[in-house]
Amino acid sequence: MLRYSLKRLLSLIVSLAIASVVIFLVIEVAPGDPASFMLGINAQPDTVAALRAELGLDVSKTQRYLSWVGGMLQGDFGTSYTYRTPVTQMIADRVWVSLPLALYALTLSTLIAFPAGIYAASRRGKPGDITVMGATQLGIAVPNFWFAMLLVLVFAINLRWFSAGGFPGWDEGFFVALKALTLPAIALALPQSAILARVMRSSLLDILSEDFMRTARAKGLSRRQALWRHGLRNALVPVLTIMGLQFSFLLAGGIIIEQVFFLPGLGRLIFQAISARDLIVVESVVMLLVFSVILVNFLVDLAYAAVDPRLRSRT
Amino acid sequence: MIRSRNLLLGGLLCLIVVAGALVSFLWTPYDITVLDIPNKLQTPSLQHPFGTDHFGRDILSMIMIGARTSLAVAIVAVGIGMGIGVPLGLWAASNKGGWIDEIIMRGNDLVFAFPSLVIAILITAVMGASALNAIIAIGIFNIPVFARLTRSGALSLWEREFILAARVAGKSKARISFEHILPNVGNLLIVQGTIQFSLGILAEAGLSYVGLGAQPPIPSWGRMLADAQTMVSFAPHLAMVPGLAIITAVLGLNLMGDGLRDLLDPRIRVVRQ
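What you are looking at is a predicted structure, and each value in this text was computed from that prediction instead of being measured.

So what exactly am I meant to see when it comes to the overall build of chain B here?
Broken down by element type, chain B carries ten helices and zero strands. Starting at the N terminus and ending at the C terminus, chain B contains elements arranged as α-α-α-α-α-α-α-α-α-α. Along the three orthogonal principal directions, the C-alpha set of chain B runs to about 75 × 50 × 30 Å. Among the 273 residues that make up chain B, the fraction classed as buried is 53%. Residue pairs at least 24 apart in sequence account for 69% of intrachain contacts in chain B once pairs closer than 6 positions are excluded. Just so you have it, chain B exposes about 12500 Å², and 68% of that area is on carbon and sulfur atoms.

This is how it looks when you write it as structure tokens:
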């Protein structure tokens, strides 16, 4: 297990290093110099040069890459070109919206998907199964930002149960903040829960036809007992993988949902940064998102190997 | 074939969307470049089955032309994904365990770490927002999907006798890959292609919604939704219609994908009988 973990860790580090090079190179080929963009077209060349020096743009690309990566390793993402504040601070402020939102959505999606998937699998081919599967087919087809708009229309504008957008901050109290994230989290969770319910169902159905399930039934367990004691645990392996993948989708998908609800999260930050050509912010937020995807996949791999020792021999 | 309800319903939904897009090249109920402010924000009526937007433009006409954008972006993105991903997958499978295989698969893992939205953000930061950049972003995201699928499908085929026969006959790996392996993973690719197509439509809508996709004046379902957002309280139909159009297309493609899989994969068909 240790050997396997170290091997995965090495591959995590290599992936991160390559990803950082790719992100840096892509952003670096961006036409337009941030300094001249900030100062406008009438700026004097020496003013531009001074600003370039101030922003650290006057050194070679290799040097800039190394100082960017070196800084990130120490938690320093550099200084925003437009706001002149540390990017780390800007990200830290926003991450407390985006991360709880993704976790909230993941929780909701699991709470919806598990019962739905188990119910459908236990009633395979019956009307209950067909209804749940039909609903998931629809759930997958619904764009989450459109569903978000419907939620706003019904629960914020018509019923006035929730506010239509904005975020009061965690200082206002846990439940006040959580309430502000509820509609966005539901919107994010719906399509993901539909996918997860389908995975849960098909994974359970695969397990139900296994020999050990027949043995469990043969030794006198009822269908339901066999399902809960032996089936569910084994069916969770593929479900966990999908949940790992979903977390990254939820984090990235949050970028769009944040736009619908005017939430001050990473998504808003990145769009503001794009329009202001604040490339260091774009670079850093993208790196953070990619890092979280790679990290979650790494953790899922480890969880996998812990659950199923057979997987440790594979890479 | 007709016995597959999924295929039939999915095909029908897709047909509606494709027909709408194709007809829009020749005819739309109204000219969407003409603004008709006196008739703005009308609810659905006989004259305007889906109502009018804040400029008085006919929403049905905009949906028809928007279908072109959605379909075009998704088709080209799937084309990019298949065009690059499938040869890479075949190449990796024919060198199983070798360094080419390793590089291709690790490269895939790397691309997988970039959600399509993040790729789109990077591309937009560099080149600006446009339908073309949305296509590139979704296309890049599709490459590892097809590469992995092709590789895993091809790996099991390489063990089969007819491939052995072809190798004994002296055919090169590349030739075997294209002449014998590719036709046999075709079914897998068609099914995955429909799924990626539907994901492409969703992705395009999302990107256009946040302003990273098709730019005005090209009509797009995602941008219609973005425009509708501020007016949803007094003109909900502005948001309902494009949303339902997206659902129709995506649901149609997904059902068709399911139906095709049942039809093309005999293993599953046997289970169902």
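So that's the structure; there's more coming.
Could you clarify how one ought to interpret the overall build of chain A in this entry?
Each helix and strand counted, chain A has twelve helices and zero strands in total. When the backbone C-alpha atoms are referred to their principal axes, chain A occupies close to 85 × 55 × 35 Å. A burial count over chain A gives 48% of its 315 residues as buried. Taking as baseline every contact in chain A between residues at least 6 positions apart, the subset at least 24 positions apart corresponds to 72%. Summing over all exposed atoms, chain A offers an accessible surface of approximately 15600 Å²; the carbon and sulfur share of this is 64%. Seen as two clouds, the 27 positive and the 18 negative side-chain charges of chain A have centres 18 Å apart.

So what exactly am I meant to see when it comes to the pattern of salt bridges here?
Between side chains of opposite charge, a pair can form when the charged atoms approach closely. Residue and element names in this part refer to chain B. In this structure the tally under the stated criterion is twelve salt bridges over all chains. The shortest N-O distance in the salt bridge between Glu102 and Arg106 comes to 2.7 Å. Here Arg106 and Glu102 lie together in helix 3 (residues 99–112), a separation of four residues that amounts to about one turn. Taking the shortest distance from any N to any O, the salt bridge between Asp109 and Arg148 comes out at 2.3 Å.

Which parts of the structure should I look at to understand the packing of helix 5 (residues 87–122) of chain A against helix 8 (residues 174–208) of chain A?
For any two helices packed against each other, one specifies the crossing angle of their axes together with the interaxial distance. Residues and elements named next belong to chain A. Contact geometry for helix 5 and helix 8: axes closest at 5 Å, N-to-C directions at 35°. Note on packing geometry: the crossing formed by helix 5 with helix 8 is right-handed. Looking at the contact of helix 5 with helix 8 residue by residue, the classes come out as 26 nonpolar, six polar and one charged.

What is the right way to read the environment of B:Gly10 from this model?
Residue and element names in this part refer to chain B. Structurally, Gly10 can be placed in helix 1 (residues 5–26). For Gly10, a relative accessible area of 0% corresponds to the buried category. Remark: the alpha-carbon pair of Gly10 and Leu225, spanning 215 residues in sequence, is separated by 24 Å. Sequence-distant contacts of Gly10, defined by excluding residues within four places in its chain, comprise Gly252, Leu255 and Met256.

Mind showing me how you'd approach the interface of chain A and chain B here?
A common measure of how large an interface is: the accessible area buried when the components associate. Contacts between the two partners involve 41 residues from chain A and, on the opposite side, 36 residues from chain B. A buried area of about 3300 Å², summed over both sides, lies between chain A and chain B, and 84% of it is on carbon and sulfur atoms. The largest per-residue losses of area from chain A upon contact with chain B belong to A:Phe145, A:Trp146 and A:Met149, which jointly make up 19% of the total buried on that side. If you look at where chain A meets chain B, you find one salt bridge. The partner of A:Arg198 in a salt bridge is B:Asp258, with the nearest N and O atoms 3.4 Å apart. One can count four residue pairs in polar contact (both at pLDDT 80 or more) joining chain A with chain B. Looking at the side of chain A that touches chain B, the elements with two or more residues in it are helix 1 (2–28), helix 6 (127–141), helix 7 (144–158), helix 10 (223–261), helix 11 (266–275) and helix 12 (279–307) of chain A.

Honestly, helix 6 of chain A in this entry has me stumped. Any pointers?
Think of an α-helix as turning once every 3.6 residues; residues three or four places apart then point the same way. Its 15 residues place the ends of helix 6 of chain A 21 Å apart at the C-alpha level, agreeing with the 21 Å of an ideal helix rising 1.5 Å per residue. Residues A:Gly128, A:Asp129, A:Val132, A:Met133, A:Thr136, A:Gln137, A:Gly139, A:Ile140 and A:Ala141 constitute the buried set of helix 6 of chain A.

Which parts of the structure should I look at to understand the packing of aromatic side chains?
For any pair of aromatic rings, the description rests on two quantities: the centre-to-centre distance and the angle between the ring planes. Under the defined criterion, the tally for this structure stands at eight aromatic pairs over all chains. Aromatic pair A:Phe155 and A:Trp161: ring centres 5.7 Å apart, planes at 40°, arrangement tilted. In this structure A:Phe155 comes out as partly exposed when scored by relative accessible area, which is 25%. Among the aromatic residues, those joined into a ring-pair cluster are A:Phe167, A:Trp170, A:Phe174 and A:Phe175. Sitting above the plane of the B:Phe25 ring, B:Arg68 keeps its charged end 4.3 Å from the centroid.

I keep staring at the nonpolar core and nothing clicks. Help me out?
Side chains that are nonpolar tend, in soluble globular proteins, to be buried together. Counting 153 residues, the largest nonpolar core has A:Val286, B:Phe114, B:Ile201 and B:Trp221 as its most contacted members. Sort the elements by how many residues they give to this core and helix 12 of chain A lands first, with 16 residues. Those residues within four positions of B:Phe114 in sequence are excluded, and the remaining contacts are A:Ala19, A:Ile23, A:Val286, A:Val290, B:Ile119, B:Leu122 and B:Phe141. Residues A:Ala197, A:Ala226, A:Leu227 and A:Val239 belong to the second largest nonpolar core, which totals 19 residues.

Sorry if this is basic, but what is going on with helix 5 of chain A here?
The end-to-end C-alpha distance of helix 5 of chain A is 50 Å, a good match for the 52 Å that 36 residues give at a rise of 1.5 Å each. Along helix 5 of chain A, the sharpest kink reaches roughly 40°, centred on A:Val95.

What exactly am I supposed to notice about unusual backbone geometry here?
Apart from glycine, the bulk of residues carry a negative phi angle, and the bulk of peptide bonds sit in the trans form. Cis peptide bonds are those with omega within 30 degrees of zero, and the linkage from B:Pro216 to B:Pro217 qualifies with 5°. Turning to its location among the elements, B:Pro217 is positioned in the loop between helix 7 (173–209) and helix 8 (221–228). One non-glycine residue, A:Phe262, lies in the positive phi region at around 50°. Taking the relative accessible area as the measure of exposure, A:Phe262 reaches 52% and is therefore exposed. The backbone of B:Leu41 shows a phi angle near 55°, a positive value even though the residue is not glycine. You can see B:Leu41 is positioned in the loop between helix 1 and helix 2 (59–94).

Rules and cut-offs
- Residues numbered from 1 in each chain as written.
- Chains lettered and ligands numbered in written order.
- Predicted model: local features only at pLDDT ≥ 70, side-chain atom pairs only at ≥ 80, totals over all residues.
- Heavy atoms only, no water.
- Helix = DSSP H or I, 4+ residues; strand = E, 2+ residues; numbered from the N terminus.
- Buried < 20%, exposed > 50% of the residue type's maximum accessible area, 1.4 Å probe, protein only.
- Contact = heavy atoms within 4.5 Å.
- Areas by Shrake-Rupley, 256 points an atom, 1.4 Å probe, with all protein chains shown as cover.
- Lys, Arg positive; Asp, Glu negative; His and termini not counted.
- Charge placed at Lys NZ, Arg CZ, Asp CG, Glu CD.
- Salt bridge = Lys/Arg side-chain N within 4 Å of Asp/Glu carboxyl O.
- Axes fitted to C-alpha atoms, helices over the stretch in contact; angles between N-to-C directions.
- Left-handed = near helix turned anticlockwise from the far one by under 90°.
- Nonpolar A, V, L, I, M, F, W, Y, C, P; charged D, E, K, R; others polar.
- Buried area = accessible area lost by both parts, 1.4 Å probe.
- Polar contact = N/O pair within 3.5 Å; in protein donor to acceptor, adjacent residues only side chain to side chain.
- Expected span 1.5 Å × (residues − 1).
- Phe/Tyr/Trp six-rings, centres within 6.5 Å; stacked < 30°, edge-to-face > 60°.
- Lys NZ or Arg CZ within 6 Å of the ring centre and 35° of its normal.
- Core = buried A, V, L, I, M, F, W, Y, C linked by side-chain atoms within 4.5 Å.
- Bend = angle between axes of the 7 residues up to and from the residue.

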